[in-house]
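# Observations on the model geometry
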Amino acid sequence: MPKFRIKGVATIRARSMLFCNGEVLGGKVAVGQRVLAPVGLPPIAAIEFALLSEPSRHEEPALGFRFVSEDECANLLRLLRVGTELVLADDGDVAA
């Protein structure tokens, strides 16, 4: 099963998105892919790359999750903490 470890979290309210940068521990990630654990997360809405600052200056993948209210944003922040490992559905299991 694909897994992703969160190293950082950023909220972009102008886009109603919360992004988690980190590392893919196994498998592949895709837009629309379901998150099996932790329970209660929506499917991945976007995948972008976060450019890290000095000294490394490298990019990390960032998974984006959409929210429509401040309550949903607060719930995402509660579930998506630094160090959390997301367990993702196998390839091809994306939300309709």
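Residue positions are counted from 1 within each chain, in the order its sequence is given. Only residues with pLDDT of at least 70 are given local features in this predicted model, and only at 80 or more are side-chain atom pairs given and counted; all residues enter the totals for whole chains, interfaces and linings. As a rule here, side-chain values come from all non-hydrogen atoms in the structure, and water together with hydrogens is ignored.

Moving on, we come to the state of the cysteines. Pairs of cysteine sulfur atoms within 2.5 Å are identified as disulfides in what follows. Scanning all chains against the criterion turns up zero disulfides. Of all cysteine sulfurs in the structure, the one in Cys20 sits closest to Cys73, which takes part in no disulfide; the separation is 11 Å.

Once that is clear, we can look at the nonpolar core. Put simply, a nonpolar core is a bunch of buried Ala, Val, Leu, Ile, Met, Phe, Trp, Tyr and Cys residues held in one set by side-chain atoms that sit within 4.5 Å of each other. The rule is simple: take the accessible area with a 1.4 Å probe, protein chains only, and divide by the maximum for that residue type; under 20% is buried, over 50% is exposed, in between is partly exposed. Counting 16 residues, the largest nonpolar core has Cys20, Val35, Leu41, Phe65, Leu76, Leu80 and Leu86 as its most contacted members. The set of elements that each furnish at least two residues to this core consists of strand E1 (3-12), strand E2 (17-26), strand E5 (59-66), helix H1 (70-79) and strand E6 (85-88). Helical segments are the DSSP runs of H or I of at least four residues, strand segments are the runs of E of at least two, and each set is numbered from the N terminus. Per-element tally for this core: the top contributor is H1, with three residues. By definition, residues are in contact when any of their heavy atoms lie within 4.5 Å. Aside from chain neighbours lying at most four places away, what touches Leu76 is Leu18, Leu41, Pro42, Phe65, Arg66 and Phe67.

This paragraph deals with the environment of Arg15. Relative to the helices and strands, Arg15 is located in the loop between E1 and E2. For Arg15, a relative accessible area of 37% gives the class partly exposed. As a C-alpha pair, Arg15 and Leu36 span 21 residues in sequence and 24 Å in three-dimensional space. Ignoring anything within four residues of it in the chain, the contact list for Arg15 reads Glu48 and Arg66.

Mapped onto the secondary structure, Leu63 falls in strand E5. Residues Leu63 and Met17, spaced 46 residues apart in sequence, show a C-alpha to C-alpha distance of 9.8 Å. Excluding anything up to four places from it in sequence, Leu63 contacts Phe4, Leu18, Phe19, Cys20, Val29, Ile44, Ala46, Ile47 and Leu86.

Basic side-chain nitrogens of Lys or Arg form a salt bridge, by our definition, when they fall within 4 Å of a carboxyl oxygen of Asp or Glu. Per the counting criterion, the structure on display carries five salt bridges. The closest approach of N and O atoms between Arg13 and Glu70, which form a salt bridge, is 3.1 Å. In this pair, Arg13 sits in the loop between E1 and E2 while Glu70 sits in helix H1, placing the two residues 57 residues apart along the sequence. Of the charged contacts in the structure, one is a salt bridge between Glu48 and Arg15, with a shortest N-O distance of 2.6 Å. Of this pair, Glu48 sits in strand E4 (residues 46-51) while Arg15 sits in the loop between E1 and E2, and the two are 33 residues apart along the sequence. The exposure class of Glu48 is partly exposed, given its relative accessible area of 31%. Via salt bridges that share partners, Arg5, Glu23 and Glu85 belong to a single interconnected network.

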